[in-house]
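# Overview (structure and organization)
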Amino acid sequence: MKTALTIAGSDSCGGAGIQADIKTMTMHGVYAMSAVTALTAQNTTGVSGIMEVDPAFLEKQLESIFTDIFPDAVKIGMVSGVELIQVIAMILKKYHAKNIIVDPVMVATSGSKLLADQAVETLEKELLPMAYLVTPNIPEAEILAGMPIRTQEDMEKAAEYIGTKFGCNVLLKGGHQLNEANDLLWKDGKISWFYGERINNPNTHGTGCTLSSAIASNLAKGYSLEISIEKAKNYISLALAAMLDLGQGNGPMNHAFSITDQK
Ligand SMILES: Nc1ncnc2c1ncn2[C@@H]1O[C@H](COP(=O)(O)OP(=O)(O)O)[C@@H](O)[C@H]1O
Ligand SMILES: Cc1ncc(COP(=O)(O)OP(=O)(O)O)c(N)n1
């Protein structure tokens, strides 16, 4: 069985973070492992608290994993502080981790900051250059590229800037566009668009986490990057189209869309 590791924060309401990643990896038939970077007290209406894990304890979790079950892919999500990022970079280098996907989680859709301002630079310096793929959404790409993104042309310019500056492939996610769900891949200097029909479902909590862990699962299984993205987008569309409606705010998706008995 193929294996994948998520290094991310816990979302107490289960829609994003570690919980979304484990659900996604499991539904892809991949064995999921986790190293928790922070606990969040969070529900569909917002984040009410964040408790960072001690960096030495994150190191212990990662050492435990890498000395026993080697992951075929690694997804990195919410990592809020400088020292935590440094620990992750050190361990991934030490064990020659492969198929590293960095989802540069900065702000939750509900508006809460999930990355300290002073940690952006460390993320750029330490993690992006070792990533096979980085998956910013539009607001995150605006920060990484230092430019506003309003049009598809802006998306292309920003992705090229990020990919060239940090030496990694870039999937710029278009879920924040009003009428479309088109994502742009910048890979080895070439641009490809992944067009998606926008599903009319307001419950999109965890779409970014789910996309990156679905891509990681597909890479772990040996699919090319392009096929991994195509399959991951299809997974999101099916999970959104299942129209789960939980909570009073931006609710989670239904990962169990293929399971008919949901009494
Ligand atoms: N309403 C939607 N219908 C279909 N796909 C969507 C929808 N919203 C987001 N997506 C897709 O979900 C993925 C995550 O995108 P996005 O929401 O931009 O990320 P994030 O959650 O990090 O802000 C992308 O592939 C995007 O195109
Ligand atoms: C613990 C934790 N990690 C990441 C997020 C952000 O999730 P994401 O899928 O990028 O987007 P939204 O759920 O905010 O739409 C989170 N909220 N919590």
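Provided above is the structure to which this section pertains.
The structure contained in this document is the topic of the report that follows. Worth saying up front: this structure is predicted, and the values here are computed from it rather than measured.

Residues Met1, Tyr31 and Ile69 make up a contiguous nonpolar surface patch of about 340 Å² in total accessible area. Checked against the element boundaries, Tyr31 lands in strand E2 (residues 31-43). Relative accessible area serves as the criterion here: at 41%, Tyr31 is assigned to the partly exposed category.

Any two side chains of opposite charge can pair, given that their charged atoms come close. Applying the stated criterion to the full structure yields 7 salt bridges. For the salt bridge of Asp21 with Lys75, the shortest nitrogen-to-oxygen distance reads 3.1 Å. Taken together, the positions of Asp21 in helix H1 (residues 17-27) and Lys75 in strand E4 (residues 73-76) put the pair 54 residues apart, joining distant regions of the chain. A salt bridge links Glu63 to Lys94, with the nearest nitrogen and oxygen atoms 2.6 Å apart. Pair noted here: Glu63 is in helix H2 (residues 55-66) and Lys94 is in helix H3 (residues 82-94), with a separation of 31 residues, a long-range link.

Near ligand 1 there are 15 residues, and of these Asn137, Lys173, His176, Asp183 and Ile199 occur at the shortest range. Separating an oxygen atom of ligand 1 from a side-chain N or O atom of Asp183 is a distance of 2.5 Å. Lys233 places a polar side-chain atom, nitrogen or oxygen, 3.0 Å from an oxygen atom of ligand 1. Out of a free accessible area of 560 Å², ligand 1 has 92% covered by protein chains. Put simply, the parts of the chain that give the shell around ligand 1 at least two residues each are helix H7 (207-220) and helix H8 (225-241).

With that settled, consider the site of ligand 2. With respect to spatial proximity, 17 residues lie near ligand 2, and among them Gln42, Thr109, His205, Gly206 and Cys209 are the closest. Contacts to ligand 2 include Gly206, whose backbone N or O atom sits 2.7 Å from an oxygen atom. For ligand 2, whose free accessible area comes to 430 Å², the fraction covered by protein is 96%. Taken together, the elements giving at least two residues each to the shell around ligand 2 come down to strand E1 (3-11), E2 and H7. When grouped by side-chain class, the residues that make up the shell around ligand 2 number 6 nonpolar, 11 polar and no charged.

What follows deals with the sheet that holds E2. Taken in spatial order, the 9 strands line up as E3-E2-E1-E4-E5-E6-E7-E8-E9 in an open sheet, and their pairing is mixed. Of all strands in the sheet, those bounded by a partner on one side alone are strand E3 (46-52) and strand E9 (190-194). As defined by bridge partners, E4 adjoins strand E5 (residues 100-102) across 3 bridges and the pair is classed as parallel. In the sheet register, Val74 faces E5, and the bridge partner there is Ile100.

Right, let's get into the environment of Asn137. Among the secondary structure elements, Asn137 is positioned in the loop between strand E6 (133-134) and helix H5 (138-145). Distance from Asn137 to Ile76, taken between C-alpha atoms, is 15 Å for residues 61 residues apart in sequence.

Another point: unusual backbone geometry. For Asn99, which is not glycine, the phi dihedral falls at a positive 50 degrees. Looking at the element boundaries, Asn99 is found in the loop between H3 and E5. By relative accessible area, Asn99 is classed as partly exposed at 22%. Here Met243, not a glycine, exhibits a phi torsion of approximately 55 degrees, which is positive. Tracing the backbone through its elements, the reader meets Met243 in the segment after H8. Residue Met243 is classed as partly exposed on the basis of its relative accessible area, which comes to 42%.

Rules of the game
Residues numbered from 1 in each chain as written. Chains lettered and ligands numbered in written order. Predicted model: local features only at pLDDT ≥ 70, side-chain atom pairs only at ≥ 80, totals over all residues. Heavy atoms only, no water. Patch = residues over 30% accessible without salt bridge, like charges linked within 9 Å, V, L, I, M, F, W, Y side chains within 5 Å. Areas by Shrake-Rupley, 256 points an atom, 1.4 Å probe, with all protein chains shown as cover. Salt bridge = Lys/Arg side-chain N within 4 Å of Asp/Glu carboxyl O. Helix = DSSP H or I, 4+ residues; strand = E, 2+ residues; numbered from the N terminus. Buried < 20%, exposed > 50% of the residue type's maximum accessible area, 1.4 Å probe, protein only. Near = heavy atom within 4 Å. Polar contact = N/O pair within 3.5 Å; in protein donor to acceptor, adjacent residues only side chain to side chain. Nonpolar A, V, L, I, M, F, W, Y, C, P; charged D, E, K, R; others polar. Pairing = 2+ DSSP bridges.

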